[in-house]
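Observations on the model geometry
The lines below spell out each chain.
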Amino acid sequence: CRIINTSMLTLRKTWKESQIYGKWSKPDRAGGCVNFRETFCLNPQYLFEINNKSDNKSDEVLVNLDQLGLRSLGKDNMTIGFFIMKVEENRRYRLHKCKPRTASSQFINTRSVFLRERLKNGRYIIIPSTYEPNIEGCFVLRIYTD
């Protein structure tokens, strides 16, 4: 899989990658998807910021969530996905109540879930989760921005 240059003004588009290794663990970091409002915000949360200085004031973001492959161990993959919410500019800590959805992936039982989205300048929280609460597992979250 290759990320191609989509800019007409440069010979090469450069992407910045952030990679995070995380874990859903009981009892306090395995809250399930947003359908489980009481426990959803218990999932791991990651803050990122879009600060595009150009005139359009938005940026393309690619998000990839991978889980540890379980099929080689004779188990089915977990159903995983993620939810992105725009938060206040001064937010530094975890959310305890859901904000409106800015973007989200599908929840599916594959090894990897991917989303390509254009986001406006601001601060965002991404919450990777399993579909059901109290499911434990490891994941890698990658965020690519211009």
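Residues numbered from 1 in each chain as written. Predicted model: local features only at pLDDT ≥ 70, side-chain atom pairs only at ≥ 80, totals over all residues. Heavy atoms only, no water.

**Topic: the sheet that holds strand β2 (residues 46-50)**
Spatially, four strands are ordered β2-β7-β4-β5 in an open sheet, and the strand pairing comes out antiparallel. The outermost strands of the open sheet, each flanked by one partner alone, are β2 and β5 (101-104). This sheet shows a mean twist of 30 degrees between the axes of neighbouring strands, independent of strand direction. Inspection of the sheet shows strand β4 (residues 80-87) paired to β5 by three bridges, in the antiparallel sense. Considered in β5, the bridge of Ile 84 is made with Ala 103. (Pairing = 2+ DSSP bridges. Helix = DSSP H or I, 4+ residues; strand = E, 2+ residues; numbered from the N terminus. Axes fitted to C-alpha atoms, helices over the stretch in contact; angles between N-to-C directions.)

**As for the pattern of salt bridges**
Scanning the entire structure with this criterion turns up six salt bridges. In this structure, Arg 91 and Glu 88 form a salt bridge, with 2.9 Å as the shortest nitrogen-oxygen distance. For Glu 88, a relative accessible area of 30% gives the class partly exposed. Lys 99 is the salt-bridge partner of Glu 88, the closest N and O atoms lying 2.4 Å from each other. Separated by eleven residues along the polypeptide, Glu 88 in the loop between β4 and β5 and Lys 99 in the loop between β4 and β5 bring together distant segments of the chain. For Lys 99, a relative accessible area of 27% translates into the label partly exposed. One network of salt bridges, in which partners are shared, links Glu 17, Asp 66 and Arg 142. (Salt bridge = Lys/Arg side-chain N within 4 Å of Asp/Glu carboxyl O. Buried < 20%, exposed > 50% of the residue type's maximum accessible area, 1.4 Å probe, protein only.)

**Let's talk about the nonpolar core**
For soluble globular proteins, nonpolar side chains are generally found buried alongside one another. Ranked by size, the top nonpolar core spans 22 residues in total, and within it Phe 48, Phe 82, Ile 84 and Ile 126 carry the most contacts. Of all the elements in the fold, those that place two or more residues in this core are β2, β3 (58-67), β4, β6 (112-120), β7 (122-130) and β8 (137-145). Every residue in contact with Ile 126, bar those within four places of it in the chain, is listed here: Pro 44, Gln 45, Tyr 46, Phe 48, Val 63, Phe 82, Phe 83, Ile 84, Leu 141 and Ile 143. Membership of the second largest hydrophobic core comes to nine residues, among which are Phe 83, Met 85, Leu 95 and Ile 125. (Core = buried A, V, L, I, M, F, W, Y, C linked by side-chain atoms within 4.5 Å. Contact = heavy atoms within 4.5 Å.)

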